[in-house]
Each structure stands twice: as C-alpha cells, then as structure tokens.
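Summary of the model geometry
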Protein chains: 2
Amino acid sequence: MATRSFWGWGYEEAAFDDQQIGQLRQLVGMQFGKAELTCQAPPLLSDLTIPEPRLTPPDSLASIISTERRDRANHTYGKSFRDIVRGLNGDYRCAPDMIARPSTEQELIDVLDYASRQGAAVIPYGGGSSVVGGTEPRYEGNWSGTVTVDMERFNRLLEVDHQSRAAHIEGGIYGPALEDGLRAHGLTLRHFPQSFEFSTLGGWIATRSGGHFASLYTHIDDLLESMRVLTPRGAVESRRLPGSGAGPSPDRMFLGSEGALGFVTSAWVRLQHRPVHRLTRAVHFDDFLEGAEAVRRISQSGLFPTNCRLIDAREAMMNGVGTGSKHLLILGFESADHPLEPWMNRALDIAMEAGGEVQTSKEKNPNEHGQAGDWRNQFIRAPYMRDALIRLGLVAETFETAITWDKFEDFHAGVMDRVRKVTREVCGGAFVTCRFTHIYPDGPAPYYTVIAPGRRGDQVKQWDEIKQACMETLIDLGGTITHHHAVGRDHRPGYDRQRPELFAEVLRATKKTLDPEGMMNPSVLI
Amino acid sequence: MATRSFWGWGYEEAAFDDQQIGQLRQLVGMQFGKAELTCQAPPLLSDLTIPEPRLTPPDSLASIISTERRDRANHTYGKSFRDIVRGLNGDYRCAPDMIARPSTEQELIDVLDYASRQGAAVIPYGGGSSVVGGTEPRYEGNWSGTVTVDMERFNRLLEVDHQSRAAHIEGGIYGPALEDGLRAHGLTLRHFPQSFEFSTLGGWIATRSGGHFASLYTHIDDLLESMRVLTPRGAVESRRLPGSGAGPSPDRMFLGSEGALGFVTSAWVRLQHRPVHRLTRAVHFDDFLEGAEAVRRISQSGLFPTNCRLIDAREAMMNGVGTGSKHLLILGFESADHPLEPWMNRALDIAMEAGGEVQTSKEKNPNEHGQAGDWRNQFIRAPYMRDALIRLGLVAETFETAITWDKFEDFHAGVMDRVRKVTREVCGGAFVTCRFTHIYPDGPAPYYTVIAPGRRGDQVKQWDEIKQACMETLIDLGGTITHHHAVGRDHRPGYDRQRPELFAEVLRATKKTLDPEGMMNPSVLI
C-alpha cells in the first residue's frame, strides 16, 4: 500500500524520482540561469521539530485518538507552497496535539465534548489538501491545544437513488472511493477538483470546491441536494429537494463555512450518468486576448462545453504541449445522452470567428492522446511537479480568482504587471503564466502560476511578500480573493476587504449561534 | 392610462368583462352543477372598511408619503385567493397607515428613521403580487402602525455591460420596464414569472422568484451577479463576480429574505442575448406518469429545454387546449446562437420512447399559435380568470412544491388524494389539476390548481381549511412548502416544520444583527 507523504503531495511513491528531478532541473536551469538548483532531500520523521502533545487522550476515546508523531506531522499542514517548504524544513511547531478519527456522529459528539471540557480548539480535516492554511493549527485565542478531527471513517456510500440520480454519502469519503462506489451504479458525481485523489466530499462542500469541468454543473454548490452538518449545538439537516424557494437556503450558509460552524457528516449529491459521447479539440491563438474573446463568446452561446480551458503559451509549453508561441484552448463536450457534433462544430465556429486556428486531431481517444490529453495528464501530475520544484529551491505557487468580462483585459494586465514587478523585486524575476479554469457567461476564472528562483531559508518569506501583493491587486482590481481555493487563514486579509462588513457581522452571529465557544477551526472566516 | 385594481389582479381595464364572465359561468356551471354562480360586483372605494391612519406624515417626508384611501387599500393585500376575497368584500381593516415612496437611499434611510422613532413596522413593497401574505400588515408585536414602502421610484436601469452581458438595475423596477430598457440593447433578463407585469426586480430577489422557463437559467438566484441591500443597520453590497468561493455567499442570505432584513435597492443581473432561434412542440400522453417519466429523462439528458411543461389533461382542457383526455407536454428550445433541431429532435425522441405522441404543428410561430401558444396566452390571463372565478363565488387557488423523482409518484398520488378529500369535505368536491412549472435532473416542481364551489362569506375559511391540509401533506410527504411562491405569512406553519431548527436560530441572529428593532416586515420568516 502506498504511503501518504507527510510533507508533500499525495503518495511518497508517486513523487518525482531522481531522473525526473534531473530533467526538471535542466528545464528550469535554462529558464533561470542564476538559480541555485541543488535538490533538498525530504526530511526524516525523526528530524522534525514537533512539540510534545499538550493533551492526553482520555481512556474513553483512546481507540479513536492518536498522538503518534507521523500522524501529527501529517495533519499539521495543507499543501500550499508555504506548507511544503515548512514541511521540507522539518518545521512542525504548530502540529495538532491529537488526531481523532470518529466513525459515528456519537463519537464526533464525544470528541467535541472532550475538546470543550479541555478548552481545546477543534479542526475538521478532510483530505488535508487545503492550499490556504484551512486546516493548520494557527489561530488566535487561548486554547489548551488542538484536536484535529480526521473524518476519513465517515466514508460510506449510504444510498443511491437511481431515479433522481442522487446519492447519500458520508462526508469523509475520498474522491476515488466515492467514484468507485458510484461507478458500480453507472453513475458519477463528475466533480474532479485537481485535489480529487486526496480530498473529501465534506471538504469540497466546506470549501465550495470547483471541479475541473469548465461550465455548468462543476461546482459542488450546484451538485449538493441536501446536507447534514453536526455543529457544537447539534445537527442541522436540510431536506432533499431539487429546488426550493422557502426562505434563504440553509445549505448555502454551510457551503463555504470551512469547518468554522461544524462537520459535514453526510450529504445527498446530484449525480450524472457516465458520459459515453466525448469530443475534445484544441484551438490555437496567436493572441491570448483573442483566445479570451473566443471563450467569452462560447461562454455566452448556451453550448456549455465541459472543457473550455484557455492556457497561455508559456504555461502550455511548461506542461509539455506546444512550443511557447501559441496559446491553447482545449474545448471538450461530454454527454451520456447524445452525440455532440452540433455542439462542438458550433463552438469551433465561434473560436475560429474570434481568430482561432483549429488543430486537427487524428487520435482516437483525445483524452489520452493529443495536446488536450497531454495537458490533462500534466494537470494531474502538477502538484508532484511543484514539490520537486520546491525541493530545487524555487518559489512555485498558484493563485486564482474570477472577474467579469468587461474588466478582464485591464485586470489581467494589472495582475501580470504587479506579479512581474513584485517577483522581480523579491526573486529577481519569475515565470508567470495564466489559464482559465472555469468560464461563466459573465466572466472567466483566471488561474495564475508563479515560478521564481528562491533563496533557501527565505522561500516562505519571499512568497508571503509576493502573495501579499497578489492579494491586494486582486481586490483592488475588482476580483475575488478566491474562486475555488477557499479562504482559510492565508486569504483572510483579502477576504476581510472583499466581504461586506455587515455580512461579517452576520457570520459572527451565525458562529455564535452554532459554536458558542468558538472552538471550531478558530480564526477561519470569522 | 390603465388603473391598477386595488382588490384584484393587474389593471381594472383588463379584468374579465360581463361577456367573458358569462362564458366562464357556463363552463364552471357544467362542472359544478350545484354551485351558486351569481357574480359579485367589485367593491366601491367608498364602501371599504378601512380604519383611519394611526400615523401622520411628518412635514419632512410629506412629499413622499401618502395616506390616501385608495393608495392604502391598494397596498393592503397581495394577490392570493384570500386577498382577493377579502378585497371583494371590502375588508381593509389591516390596511397600512401610510405609503412611502422614496426615490433615493437617503430618503429610504429617512423613512426608516421616522418609522423607528414612531415604533412603526416597515413593509417593503414591490409590485404587490405576493400570494403568500408577504406584504400584508399582519404581524405580532406592539407596533404603533405600518409604513409600507413602495419601491416603485427605484426604477432606473443604471448601467449595461455588454461584454459581460450584465446590467445594474434599481430594485423597484417592474418587469416590463426592465425588459423595455434591455431590449434597446438587444439583451434580456429573460426572467418571466407569471406575475412579470406586476412585480419588481427587488421583489423577485427577496422572494427567490422562478421565471416561467423550465430549466437552467430561470431562477432569479442564478441570474443575480451582485446586489445592494439597505438594512436598518446600513448598506450591504456584494462584489460583481461571475463566481466566487470566498466563504458563504452573502447574496444567498438575502435571496429569499422576503423584506425581513432590508430593501434591495439595486442589483447587477446576468442577461442573455434575445433569442432568435425558437422551436416549440407539443407531445401528448395517455398517462400522466408516462409524461412525468418523459420529463424525467429529458431533465437528465443535458439538453436543457427552455420549456418542458407537463400539463395534466384536465388543466389543459380548462385552459382551452385539448379535450381533457390527453396530457400535454409543451417542449421548447430557444437560442440566440444556434439552430436547435438537434436539441429538439433528441428531446422528442426521448418523449416518444417514454410513450408520448408528438403533435405535428404546421403553424409558423408556435408561440402565438397552436396548442403551445394557446396555453401560453391562457397562462398570462390566468390571474384575471381567477378573479372572475372568485367573483362567481368559487374557491380558486394554486399551490406549488418540488420533490425528487424517486418520491414523485407516491407524492403526487398522496397530494391529489388529500386535496380531493379535503375539498369534498369542505366544498363538496373540486376540480384539481397539476402541471410541472420547472424541472431539474433530480425532480420536478409540480404546481396544483384547485377550483371548487364556495359558500359566499365562508370562502376564506374554506380555503384556509384546504390550505392547512395541503401544507401538512406537502411537508409530510417530503416536499417543500414553496418552490417559487415564497413563505410570507401564509406558509409560516409549513416553513417552520421544514426549516432545520438551528437554521431558524441562525436567521434570528441574522435578523437581530441587521434589524435590531425587528421592524422589517415583522412575522415574516422569523
């Protein structure tokens, strides 16, 4: 069985090997001549700086609580750049004191009661793939310790309703197990965030996760039919309904609550039949803004592509597709019901009208072959590559947002400009690229990747400076601080500027109602 | 210029005339042999029972406040059955004491300040088309009077963003004025609730209005890009964003807040280009459940028809389409971008596979002619017909819900059974029909119409008994108390059962935060 990496992404066995790191070193070396490209070895468990646990599991909970060193290290950080760097450096000073693994709501209540008696903070934990410090024990307030509650034992597919294409599933289930369970029924949730392999249904709901499809049913918000949340005050369960206009939606208060109000113990989710018709095509653009214009028109056409991913030329090259001179639009349609030629043909027409050059693809299965397929495989491997880049001493991180089309051109220019400036100041230069992850009739969700030469020992500080500038720019120029990465602890400064102040008061009142002691994931959102 | 009816729907000039009432009398007489079918004359303004206003407008607000008799009568009720009956009977005992018509946020603040000083309740008022007592001055608490705030002067189209297809519009604008303004730009909000002519953007948002299209972008929830709400504590304005994952959505807290938290002073809404491609076809079914099965499969096909309205045989007949032996499915597609034959052909295939018989239509414009067109015209006229039925002494009302497909068959049977029983007990029988107003991949929104012989003077009591039974049945059988009519005062008993108790506490805390005196639309929601 594969071993989860405590400092990096995914499985230790899947990390870049020496040969791959060698190739990467060469590639990056060409880009940043000056960068120091020695490769930092992953830390040994025995070398970590990790304090003794401040809490001792009570006998009654001993069977579901662990204070084991590796377990605590594993649950300290998410998977952001600053998490990986600190992990690589063996810095686990803020490790949680214990990891609880309840498998029933009663056990969850017992853990909450225990934490309450101890005056400990409680951090709900799904797959640990947060890139915004969402599960890191870093908070204000006078807490005796941290109980991180790993929901992995809430992993059952409880019921499948074929007629409504819906399923009742526990919140701690991981992506692959969820899809395996549904595959047996010919169904799929079809929600594939990049973290899919290492994230959970409850985590997706708590963070308003975005799947990797471009339009329509891709956000977990829209795939949620009803949910059950266990708060410190008790359970809140909404009704299974296809639609309802009965007052403000209770679900929408918990979607995005990021563990600050309670645990998603189960949810009814909307499924789809597994697609049997698929078309994927690639379109090239000489000008990124022409590509954006094509995407705008497609997003407003009512065709609803499952993929409409505009990737700028440098990012395409970085991912091994293209030579860096052409911007790439990957256009895909999927259906379980009907052939898609009329949809694809019209979308390609629109792309060509906007100046695109449609690539001919002779491959049989474009999801596995061709530029579109190449890119997809890289997408899945990207977090492993980032770990390798970090080991090579680089600053490598992403940030994402959304903006209306009318502002996009200036916004994008402003963001690129600011990022180039700040990375020049902080790192002496950077590789900055952009793609669209999601599209809407009223705007795209641009996703930026920053790769820059770092200074060993200063990488976190360097990124924090860059991140601060990015956050300010996103907010100043009218974007959102996060489109699908959530707020966590890292985005709080931007979020606090973006959120209407009276709504912040509403959230505080909500928190006080459901979590009067404020023990749930302190310092997140509120 | 046409005169708004103070007791009935829409314009006085558009009400059924004597000849139309005669025809209706004949039709209904055949159905209910025993019913007393004299026609009650509309009340004269001079005959109304309406108390003297308890509040006197201060000089500073005299220019925007009216205490005029007709104005107060006009703002007393919404347009539910029990509203029309009470209006016809001249019972205006709960009339608001004054009507304020601010045209700026400052004037709105002045009105709120005045009401606060007076200890008066404040009722936000859009088009007054509520069918759930949403704007009726009927509440608990010790208030010195009621200031109903008619938002009609917040009626400007402020800005149009063609690139993002969005517009910034004030909350008090009526449907037709909004569409007239957008038509000049080749755009449309394409939100057409049955109340369209007599309802406002702010009202739609406050009540989570459903447009008359069947699938995808039809709910105002999804058409809203951002909004500005003036609460007694101040303004809350969200950012214009195509999508955002930054914490729980502020907009979703105000969508469905029904005037209990504040006024929607303006909103950015998502628009569409005006459709140029349109296809409409009618399909007949011998069995209503076969029709439902066709709709289920279409709803899960990813074709997203703009119309997919299943109308049971009796309702189709009542609307002058068909002989009462066949159930009617109206299937429509619209696009501003592409011809729709592949979409329609596949949808018709699905309908036929489920047992439907596709009707040939030789008419050029199926929106104006043919069974589909006939039905649409009747739909617009329906509220006028209901007024006429009520004048003829009938009990005539609708209720609506949503339910997942797995439960639909039993649910529908249970609802029909209960309604038939209770109407037999209360009225000696009834004409009960059903149609689907909206469809989702996981379930339909069934809409029921009840027409029964009433007893003059007892009609409200009769309906209240029937409504009570309907509400209990909807909730007992797992439906929602309202899919798009809102909660108001009339649905509170069902809503209180449906809503998770801890979420009710959250709403109370939210209300206390934004409206500490509890003056906004008291007894609604909270």
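So, how was this worked out
Residues numbered from 1 in each chain as written. Chains lettered and ligands numbered in written order. Predicted model: local features only at pLDDT ≥ 70, side-chain atom pairs only at ≥ 80, totals over all residues. Contact = placed C-beta atoms within 7 Å. Helix = DSSP H or I, 4+ residues; strand = E, 2+ residues; numbered from the N terminus. Nonpolar A, V, L, I, M, F, W, Y, C, P; charged D, E, K, R; others polar. pLDDT = per-residue confidence, 0-100. Pairing = 2+ DSSP bridges. Axes fitted to C-alpha atoms, helices over the stretch in contact; angles between N-to-C directions. Least-squares fit on C-alpha atoms with pLDDT ≥ 70 in both. Parallel < 35°, antiparallel > 145°, perpendicular 65-115°, else oblique.

Contacts between the two partners involve 73 residues from chain B and, on the opposite side, 73 residues from chain A. Element by element, the count of residues in the side of chain B that touches chain A is highest for helix α16 (residues 501–514) of chain B, at nine residues. Class assignment of the residues belonging to the side of chain B that touches chain A gives a composition of 26 nonpolar, 30 polar and 17 charged.

On to the confidence of the model for chain A. Residue and element names in this part refer to chain A. Taken as a whole, chain A shows an average pLDDT of 94; of its residues, 97% reach a score of 70 or greater. Here residues 363–368 scores under 50 on pLDDT; set against residues more than four positions off or in separate chains, the count is 11 contacts. Reported confidence for the predicted complex is 0.96 by ipTM and 0.97 by pTM.

Before going further, it helps to examine the environment of G90 of chain A. Here G90 of chain A shows up in the loop between α3 (81–88) and β2 (98–100). Sequence-distant contacts of G90 of chain A, defined by excluding residues within four places in its chain, comprise P43, D47, L48 and T49 of chain A.

Let us look at the sheet that holds strand β5 (residues 157–161) of chain A. Residues and elements named next belong to chain A. In space, the five strands of this open sheet follow the order β5-β6-β10-β8-β9, with antiparallel pairing throughout. Every interior strand has two partners, whereas the edge strands, β5 and β9 (234–237), have only one. Neighbouring strand axes in the sheet, compared pairwise and without regard to direction, differ in orientation by 10° on average. Looking at chain direction, strand β6 (residues 166–170) and strand β10 (residues 263–270) are connected through five bridges and run antiparallel.

With that out of the way, let us pick up the relation of the copies chain B and chain A. Overlaying chain B with chain A gives an RMSD of 0.0 Å, the required rotation being 180° about an axis along which the chain moves by 0.0 Å. Such a combination of turn and shift is consistent with a two-fold rotation axis. For chain B, the smallest separation between a C-alpha atom and the rotation axis is recorded for A509 of chain B, amounting to 2.8 Å. Interface residue correspondence from chain B to chain A reaches 100%, placing this contact among same-surface, isologous pairings.

Here we take up the sheet that holds β2 of chain A. Residue and element names in this part refer to chain A. Within the open sheet, the four strands sit side by side as β1-β2-β4-β3. Their pairing is mixed. Only two strands of the sheet have a single partner each, and these edge strands are β1 (65–66) and β3 (121–125). In this sheet, strand β4 (residues 146–150) lies alongside β3 in parallel orientation, the contact comprising five bridges. Residue pairing across strands places A121 opposite T146, the latter belonging to β4. Of the strands in this sheet, β2, β3 and β4 touch helix α4 (residues 105–118), which is tilted by about 170° from β4.

Our next topic: the packing of helix α3 (residues 81–88) of chain B against helix α14 (residues 459–476) of chain B. All names here are of chain B. Closest axis-to-axis distance for the α3/α14 pair is 9 Å, and the angle between their directions is 170°. What the angle tells us is that α3 and α14 run roughly antiparallel. Here α3 contributes F81, R82, V85 and R86 to the contact with α14, which in turn contributes Q459, V460 and W463. Along the lines of polarity and charge, the residues of the contact of α3 with α14 split into four nonpolar, one polar and two charged.

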